[in-house]
Amino acid sequence: MKRSVIRGTGRAVPSRLVTNEDLTKIMDTSDEWIRQRTGIEQRYWIPEGEELGASDLGLEASKKALDLAGWQAEDLDFIIFATLSPDIMFPGSGCLLADKLGLNSTPALDIRQQCTGFLYGLATADAYIKSGLASKVLVVGAEVHSTGLDKSTRGRDVTVIFGDGAGAVCVEGIETDENVGVIASCLHADGSGADSLMVELPASRLPDRMPKDLPADDPRYFPSMDGKKVFKKAVRKLPEVTKEVLEKADLAIDDVDMFFPHQANLRINQAYGQFMKIDESKIFNNIQRYGNTTAASIPMAFDEAIEQKLVGKKNDTVLFLGLGAGLTWGGVLYRFA
Ligand code: UT7
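Residues numbered from 1 in each chain as written. Predicted model: local features only at pLDDT ≥ 70, side-chain atom pairs only at ≥ 80, totals over all residues. Heavy atoms only, no water.

Considering the sheet that holds strand S6 (residues 136–143)
Reasoning step 1: Ordered in space as S1-S7-S6-S4-S5, the 5 strands form an open sheet in which the pairing is mixed. The two strands at the open ends of the sheet, each matched to only one other strand, are strand S1 (2–12) and strand S5 (108–111). Each adjacent strand pair in this sheet contributes to an overall mean axis angle of 20°, direction not counted.
Reasoning step 2: In the sheet, strand S4 (residues 78–82) pairs with S6 via 5 bridges, with the strands oriented parallel. Along S6, the bridge assignment pairs Ala-82 with Gly-141.
Reasoning step 3: Against the sheet, helix H10 (residues 297–307) contacts S1 and strand S7 (165–175), and its axis sits at roughly 90° relative to S1. (Pairing = 2+ DSSP bridges. Helix = DSSP H or I, 4+ residues; strand = E, 2+ residues; numbered from the N terminus. Axes fitted to C-alpha atoms, helices over the stretch in contact; angles between N-to-C directions. Contact = heavy atoms within 4.5 Å.)

Structural notes on the site of the ligand
Reasoning step 1: Around the ligand there are 20 residues in total, and Thr-29, Arg-37, Gly-227, Asn-265 and Asn-292 lie nearest to it.
Reasoning step 2: Contact distances for the ligand include 2.9 Å between a nitrogen atom and a backbone N or O atom of Gly-227.
Reasoning step 3: Take Lys-228: an N or O atom from its side chain is 3.0 Å from an oxygen atom of the ligand.
Reasoning step 4: Contact with the protein chains covers 73% of the free accessible surface of the ligand, which is 950 Å².
Reasoning step 5: At a threshold of 2 Å from the grid points, most atoms of the ligand map onto the second largest pocket. (Near = heavy atom within 4 Å. Polar contact = N/O pair within 3.5 Å; in protein donor to acceptor, adjacent residues only side chain to side chain. Areas by Shrake-Rupley, 256 points an atom, 1.4 Å probe, with all protein chains shown as cover. 1 Å grid on protein atoms, 1.4 Å probe; cavity = no way out; pocket = protein on both sides within 12 Å on 5 of 7 lines; lining within 4 Å. Sits in = over half its atoms within 2 Å of the grid points.)

Some remarks on the domain arrangement of the protein
Reasoning step 1: The domain architecture assigned to the protein consists of domain 1 (2–175) and domain 2 (181–279 + 309–335).
Reasoning step 2: Placing a centre on the C-alpha atoms of domain 1 and another on those of domain 2 gives a separation of 15 Å.
Reasoning step 3: Across the contact, 27 residues belong to domain 1 and 33 residues belong to domain 2.
Reasoning step 4: Summing the contributions of domain 1 and of domain 2, the shared interface buries around 2,400 Å²; its carbon and sulfur component is 64%.
Reasoning step 5: Looking only at domain 1, the three residues that lose the most surface to domain 2 are Cys-115, Leu-119 and Tyr-120, adding up to 22% of its buried area.
Reasoning step 6: At the junction of domain 1 and domain 2, the tally comes to 0 salt bridges.
Reasoning step 7: On the surface where domain 1 and domain 2 come into contact, there are 12 residue pairs in polar contact (both at pLDDT 80 or more).
Reasoning step 8: Sorting the residues of the side of domain 1 that touches domain 2 by element identifies S1, helix H2 (31–38), helix H5 (117–130) and helix H6 (156–159) as the ones contributing at least two each.
Reasoning step 9: In terms of residue count, H5 provides more of the side of domain 1 that touches domain 2 than any other element does, 7 residues in total. (Domains from an automatic or database assignment. Buried area = accessible area lost by both parts, 1.4 Å probe. Salt bridge = Lys/Arg side-chain N within 4 Å of Asp/Glu carboxyl O.)

Let's talk about the environment of Pro-223
Reasoning step 1: With respect to the helices and strands, Pro-223 occurs in the loop between strand S9 (197–198) and strand S10 (224–225).
Reasoning step 2: C-alpha separation for the pair Pro-223 and Gly-39, spaced 184 residues apart in sequence, amounts to 20 Å.
Reasoning step 3: Sequence-distant contacts of Pro-223, defined by excluding residues within four places in its chain, comprise Gly-148, Leu-149, Val-158, Met-198 and Val-199.

Points about helix H3 (residues 54–69)
Reasoning step 1: If you check H3, its first and last C-alpha atoms are 22 Å apart, about what 16 residues at 1.5 Å a residue would give, namely 22 Å.
Reasoning step 2: Listing the buried residues of H3 in full gives Ala-54, Ser-55, Leu-57, Gly-58, Leu-59, Ala-61, Ser-62, Ala-65, Leu-66 and Ala-69.
Reasoning step 3: Buried residues belonging to H3 abut S1, S4, helix H4 (93–100), S6 and S7. (Expected span 1.5 Å × (residues − 1). Buried < 20%, exposed > 50% of the residue type's maximum accessible area, 1.4 Å probe, protein only.)

A look at the pattern of salt bridges
Reasoning step 1: Tallying each qualifying case throughout the model produces 21 salt bridges.
Reasoning step 2: When the shortest N-O distance is used, the salt bridge between Arg-11 and Glu-304 registers 3.6 Å. Within this pair, whereas Arg-11 is found in strand S1, its partner Glu-304 is found in helix H10, the two being separated by 293 residues in sequence. Both residues of the pair, Arg-11 and Glu-304, count as buried.
Reasoning step 3: A salt bridge links Lys-314 to Glu-178, with the shortest nitrogen-to-oxygen separation between them at 2.7 Å. Of the two residues, Lys-314 sits in the loop between H10 and strand S12 (317–324) while Glu-178 sits in the loop between S7 and strand S8 (181–189), which places them 136 residues apart along the sequence.
Reasoning step 4: Of the residues examined, Lys-314 reaches a relative accessible area of 45% and is grouped as partly exposed.
Reasoning step 5: We classify Glu-178 as partly exposed; its relative accessible area is 39%.
Reasoning step 6: A single network of salt bridges, built from pairs that share partners, joins Arg-11, Arg-289, Asp-303, Glu-304 and Glu-307.

Structural data, given as structure tokens:
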């Protein structure tokens, strides 16, 4: 039977380290507030004045993943690029990444599933592989938030959370009778919650996509979030989807060696662990150092955990899960081959 296994992982962040203390110099916030409410201590942002897009960070992460897999870019037969902060409105960052990898005909698909972008990407890669449409797929999650945040006190609830970064994985189809690779995935979306977390402008639904006479700092150009609503939704949906995906795979929670929740808020992940009675040591968190990197957060965390040798042995079983804008949520169970 065909199985989708991960052959290499990589991550990248820009060079500019931004601490909570740095943020107190540009808005009314405090290190204490940010740590207490989110767990975040620092994040990385694109250096001021530099032109770097999601595809540039994605390229760095992809090169590392390709190296670890022992693949050349030419070996890829499909690229999936997840981002809510594409380099430009169109074409997609996947096309730009493919070009930067020196490719000129490999199919590249952008997906816009925000915090669950990596989950949707991995599930899509798995479906392409199992259907025989592809055998070597690069899945990338990459974000440049920092150039689109409201850095005044007005935007502080959202701005302190987000960091820039990229994560990539090389996924290969293999023939095996073992229950390894992507063993189950569950994806969900509920657009009735779209306005809980969104960037409203530019908007093609308006007669004038970029309404004239609006100040450049109109709040609709920046992400807005009903933080409490999204928090509550996450705390409810993450356990639900865990149960769903475990049932689908016919596994129990104790069969999972490490949980990789989306890094939106350390408190969400702690509440999830307590509710599910999962030992803290089995939930991987790195939001303290990177902030919320949206589509990049899960592959970045996975890459870091592999590097730290916390996971990676044959039959180690991990659960990737998350909830975010859309609203979208999901879980993907993966077992090392
Ligand atoms: O990855 C996408 C999915 N996103 C999420 O999962 C995020 C989920 N939500 C959250 O993480 C939290 O709701 C936040 C961290 C965003 C906010 O925490 P909160 O406990 O819900 O705070 P709040 O927005 O209710 O604000 C509480 C107070 C307010 O002041 P008053 O009205 O009580 O006087 C805010 O104005 O904290 C104030 N505040 C801040 N103070 C200092 C909001 N942001 C800040 C800030 N620094 N950065």
